[in-house]
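Remarks on the overall topology
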Amino acid sequence: MKIQAIIFDVDGTIADTEEAHRVSFNRAFSENNLNWNWDVPLYDKLLKITGGKERIKHFVETYLLDYKKPDEYENFVKNLHMIKTTHYTTMLKKGLIPFRPNIKKLIVDAKKANIRLAIATTTSPENVTALMEQEFGKDYETMFDAIGCGDIVSKKKPAPDIYEWVLNKMKLKPDNCIALEDSENGLKSGLAAGIKTFITTNLYTQQQDFTGAAAVYKDLSNLEEFYRVAGLNIRH
Ligand code: XBP
Ligand code: MG
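The model shown is predicted, which means the values in this text are computed figures rather than measured ones.

Here T85 lies in helix 4 (residues 73-93). Beyond its immediate stretch of four places on either side in the chain, T85 contacts S124, E126 and N127.

Here the focus is the site of ligand 1. Not every one of the 19 residues close to ligand 1 is listed here, only the nearest: G52, H81, K84, T121 and S124. Taking D9, its side chain carries an N or O atom lying 2.8 Å from an oxygen atom of ligand 1. Side-chain polar atom of E18 to an oxygen atom of ligand 1: 2.8 Å apart, as the coordinates give it. Within the complex, the protein chains bury 96% of what would otherwise be the 440 Å² of accessible surface of ligand 1.

So, on to helix 9 (residues 223-230). Those residues of helix 9 that fall on the buried side of the exposure criterion are L223, F226, Y227 and A230. Along the axis of helix 9, the buried residues cluster in a sector spanning 100°; they form a single face. Projecting away from the buried face of helix 9 at angles above 90 degrees are the exposed residues E224 and R228. Each element contacted by the buried residues of helix 9 is listed here: helix 5 (103-112), strand 4 (177-181), strand 5 (196-200) and strand 6 (215-217). In the stretch just after helix 9, G231 is the one whose phi turns positive, near 70°.

As a volume, the largest pocket reaches approximately 550 Å³. The wall of the largest pocket is formed by 40 residues, among which T50, G51, R55, T122 and T123 lie closest to the centre. Within the residue set of the lining of the largest pocket, elements represented by two or more residues are helix 1 (18-31), helix 3 (52-63), helix 4, helix 6 (125-136) and helix 8 (184-192). Residue classes in the lining of the largest pocket are distributed as six nonpolar, 18 polar and 16 charged. Counting residues domain by domain, the lining of the largest pocket receives three or more from each of domain 1 (5-16 + 97-230) and domain 2 (18-93). The volume enclosed by the second largest pocket comes to roughly 210 Å³. Tallied by class, the residues present in the lining of the second largest pocket amount to three nonpolar, three polar and four charged. Of the domains in this structure, domain 1 (5-16 + 97-230) and domain 2 (18-93) are the two that each give at least three residues to the lining of the second largest pocket.

Bringing the side chain of K84 into the picture now. As for its position among the elements, K84 is in helix 4. E18 is the oppositely charged side chain nearest to the buried, salt-bridge-free K84, at an N-O distance of 6.8 Å. In this structure K84 touches H21, S24, F25, A28 and N127, once residues within four positions along its chain are discounted.

What follows covers the sheet that holds strand 3 (residues 146-148). As summarised here, the arrangement of the six strands in space is 3-2-1-4-5-6, forming an open sheet in which the pairing is parallel. Here the strands that pair on one side only, and so sit at the sheet edges, are strand 3 and strand 6. Here the strands of the sheet are splayed against their neighbours by 20° on average, with no regard to which way each runs. Where strand 4 lies against strand 5, four bridges are found, and the strand directions are parallel. Residue pairing across strands places E181 opposite I199, the latter belonging to strand 5.

Conventions and cut-offs
- Residues numbered from 1 in each chain as written.
- Chains lettered and ligands numbered in written order.
- Predicted model: local features only at pLDDT ≥ 70, side-chain atom pairs only at ≥ 80, totals over all residues.
- Heavy atoms only, no water.
- Helix = DSSP H or I, 4+ residues; strand = E, 2+ residues; numbered from the N terminus.
- Contact = heavy atoms within 4.5 Å.
- Near = heavy atom within 4 Å.
- Polar contact = N/O pair within 3.5 Å; in protein donor to acceptor, adjacent residues only side chain to side chain.
- Areas by Shrake-Rupley, 256 points an atom, 1.4 Å probe, with all protein chains shown as cover.
- Buried < 20%, exposed > 50% of the residue type's maximum accessible area, 1.4 Å probe, protein only.
- Arc of directions from axis to C-beta.
- 1 Å grid on protein atoms, 1.4 Å probe; cavity = no way out; pocket = protein on both sides within 12 Å on 5 of 7 lines; lining within 4 Å.
- Points joined across faces, edges and corners; volume = space filled by probe spheres on them.
- Nonpolar A, V, L, I, M, F, W, Y, C, P; charged D, E, K, R; others polar.
- Domains from an automatic or database assignment.
- Lys, Arg positive; Asp, Glu negative; His and termini not counted.
- Salt bridge = Lys/Arg side-chain N within 4 Å of Asp/Glu carboxyl O.
- Pairing = 2+ DSSP bridges.
- Axes fitted to C-alpha atoms, helices over the stretch in contact; angles between N-to-C directions.

What follows is the structure in structure tokens.
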């Protein structure tokens, strides 16, 4: 089946962002006089929950059993997450988080080969904009036929909803697309939507279970190999 579109996950796939997310969460906590500190081993566990707001709630409900939730708990979490997002987008706008190897080349070359592009991510829309504008400028959205992110679907990865939203927006069948992901949650989401899913791992995800992936790479340094395995007709 001819591949008509590539659907990109964001965090961990387009760029290695999770350490910046982790630091941003911790800055938001300390700014709100919360003595919460997500170190790397704890964040590795918390990453099993996708979505920053959902992750904060999971942390409170799993690790802070005697914590007295403030009134308006939902608003408290939303506000905390908004502060975290401001810290994160500030880091992105300083150009502190580069794209992973060959991701920009893949996007540009696929576009030139008339392959349609989309984004399917759990992260917040502000984060997508701040990251993509770094590499493609203010008009980056024109390169993507669909940008599925954040709360646009209620059920986040590993549920298939965000990929189904993108397929629906692009009016494409799963067989005509491939997905590029970094995590077990992302893989499960893509597979559940019926999409052939490729993995590039990172420090947070390299030990995860990628059963069902079309291929697992450390990164896309060997773009020619990826094009061959993925059946992408792109001149290298
Ligand atoms: C990764 C996530 C996100 C980020 C944090 O998204 O699960 O929650 O960790 O971003 P993906 P937010 O791999 O699907 O791009 O705090 O904005 O959720
Ligand atoms: Mg990811």
